[in-house]
Amino acid sequence: MTSGYAASAATGSLASGVGWDADPRVPAWPGLAPLRGETRADVCVVGLGGSGLAALDELAARGGLDVVGLDAGRVAAGAAGRNGGILSCGGAMSLSDPSVPVESVLALHRETARELGRLADALGPDVVQPTGTVVLAGLPGPDRDEREALERERATADLARDRAVREALGLPVEDYDGPLGHGIRLPDNAVMNPVRRALGLAKRAAGDARLHEHTPVTAIRPGVVETEGGRVLADRVIVAVDGRLDLLLPRLSGLVRTVRLQMLATEPVEPLFSGAFSARDHFDYGQQDREGRLLVGGGRDRFAAESETAEAVPTETVQGWIEQVVERVAGRPVPVTHRWAASVGFTDDGRALCIEADEGVVACGGYSGSGNLVGPVAARAAVRLALDGTPPPDYLRSTR
Ligand SMILES: Cc1cc2nc3c(=O)[nH]c(=O)nc-3n(C[C@H](O)[C@H](O)[C@H](O)COP(=O)(O)OP(=O)(O)OC[C@H]3O[C@@H](n4cnc5c(N)ncnc54)[C@H](O)[C@@H]3O)c2cc1C
């Protein structure tokens, strides 16, 4: 089904819009003028999500560069402003995939943890909370059918393996036994409000670079970025777009594909858990914010055909699934206030991409649903590749 979501059967309410955008910082954001006409720059960054904003930070740290940054919509109009807000050290790369060298797992873990530290230092506890996250084999409560019971059995074994690998590698991990059930707790993970992160970083970046919102890029060639209302002539171009990267740079379509993920937000409820959870191989996930709202997503595996699309509107079936996840977490149905979807980039091996797509044009993306920290790590590597010719580390070299 590809139609937009109409009404919630469980709540009877009509809900749309991005839950995070209820934050007062969103209407207070002054906005950035669209690019009109032609301009020159040393570097043009396409995409002002978490990754593009990290690229701008890396470029500013070098000093003396004339940098232009562009986004098709508002800052973090894509997944970077619409996600679960889970800051997961290590990202989506498998810990037990034998084809991934242990050194890569550790290096990515180290770099993402460093990125988390940077973010916490830059934006403080108002944006980033070091709560840790809980990983569950299955959703809270008894299994509802045989499929769920089998999934839980397999996921329990996977979690035990994951726990053992983490311990062997010296990565922090604990048992979790709490209101959500049993699982593991990853104490070095954190949660954030993604819109606050993006607007906070953009405010800082605007002091060092010329930033333009509502400036869709229509074509990228070596030295030239064409936009709807103008163009940027730039020696180097960094494309920091996760979802729809294959549409913007079709030559990458064999390496990365666009997938739709969905979430909803509820009215505030009493405190249920702290930080964030993920369950069923991370297919379902969510956090409870300080106001008590539940911001929950999931269901991609249950409705796989609906997810393989570049459309970014919520659908009835997936939203129905997420309502069920909320019900399991809260112990009852909770009125839904917002429903939304966004595009992300997936690779077949779960490794991100950082690649020279054309002469002087470096692209990063393909974070397989876990780009809040890996994206910025990849974007910094993209800057090094574009400006110094430094090859990216192998955890950023998806080959499948
Ligand atoms: C529902 C959902 C839940 C998620 N939950 C989590 C989570 O909890 N933890 C986690 O780590 N990851 C999560 N992710 C994944 C994560 O959000 C992304 O991997 C990450 O935000 C990617 O950031 P980015 O800056 O690389 O790309 P994007 O967020 O895709 O940003 C790219 C920017 O480029 C702009 N853009 C796109 N095309 C053009 C164009 N042609 N011209 C100009 N600008 C353009 C977009 O408007 C956008 O602002 C989730 C994603 C979704 C959708």
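About the cut-offs
- Residue positions within a chain follow its written sequence, with the count starting from 1.
- Side-chain atom pairs in this predicted model are given and counted only at pLDDT of 80 or more, local residue features only at pLDDT of at least 70, and totals for whole chains, interfaces and linings cover all residues.
- The side-chain values count all of the structure's non-hydrogen atoms but skip hydrogen atoms and water molecules.
- In this scheme Phe, Tyr and Trp rings, the latter by its six-membered ring, pair at centre separations within 6.5 Å, and the angle between planes marks the pair as stacked below 30 degrees, edge-to-face above 60, and tilted otherwise.
- Only protein chains enter the calculation, and the probe is 1.4 Å; a residue is then buried if its accessible area is under 20% of its type maximum, exposed if over 50%, and partly exposed in between.
- For salt bridges, the criterion is a side-chain nitrogen of Lys or Arg within 4 Å of an Asp or Glu carboxyl oxygen.
- A run of H or I in DSSP becomes a helix once it reaches four residues, and a run of E becomes a strand once it reaches two; helices and strands are each numbered from the N terminus.
- Where helices are involved, their axes are fitted lines through C-alpha atoms of the stretch in contact, as for all axes, and angles between N-to-C directions lie from 0 to 180°.
- Here the word oblique covers every angle except those under 35 degrees (roughly parallel), over 145 (roughly antiparallel) and from 65 to 115 (roughly perpendicular).
- Note on definitions: a residue-residue contact is assigned when non-hydrogen atoms from the two residues lie within 4.5 Å.
- Three classes are used: nonpolar for Ala, Val, Leu, Ile, Met, Phe, Trp, Tyr, Cys and Pro, charged for Asp, Glu, Lys and Arg, and polar for all others, with Gly counted as polar.
- Given a helix with a known number of residues, its expected span is that number minus one, times 1.5 Å.

(A) Geometry of the packing of aromatic side chains. A full pass over the atoms with the stated rule returns one aromatic pair. Their ring planes at 85° and their centres at 5.6 Å tell us that F273 and F277 sit as a pair that is edge-to-face. Summarising the burial analysis for this pair, F273 and F277 share the class buried.

(B) Geometry of the pattern of salt bridges. Under the definition given, this model contains 37 salt bridges. Notably, a salt bridge pairs D66 with R210, separated by 3.0 Å at the nearest N-O pair. On the criterion of sequence distance, the pair formed by D66 in the loop between α2 (50–62) and β2 (67–70) and R210 in strand β9 (residues 210–212) is long-range, its members being 144 residues apart. When its relative accessible area of 32% is taken as the criterion, D66 is described as partly exposed. R118 is paired through a salt bridge with E115; the nearest N and O atoms lie 2.9 Å apart. On the criterion of helical spacing, the pair formed by R118 and E115 is a turn pair, its members being three residues apart in helix α3 (residues 102–123). By relative accessible area, R118 is classed as partly exposed at 34%. Residues joined by salt bridges that share partners form a network here, namely D57, E58, E115, R118, R380 and R384.

(C) Just the packing of α3 against helix α5 (residues 194–205), in detail. One can describe the packing of α3 onto α5 by two numbers: an axis separation of 11 Å at closest approach and a directional angle of 75°. Between α3 and α5, the angle is such that the two are roughly perpendicular. Residues L119, A122 and L123 of α3 form the contact with α5, whose participating residues are R197, G200, L201 and R204. The residue inventory of the contact of α3 with α5, partitioned by class, reads four nonpolar, one polar and two charged.

(D) Quick peek at α5. Over its 12 residues, α5 runs 16 Å from end to end, which matches the ideal 16 Å to within 8%, given 1.5 Å per residue. Among the 12 residues of α5, nine are classified as buried, and the element is accordingly described as predominantly covered. Those residues of α5 that sit buried are P194, V195, R196, R197, A198, L199, L201, A202 and A205. Those residues of α5 hidden inside the fold are in contact with α1 (25–28), α2, α3, β8 (190–192), β9 and α9 (371–388).

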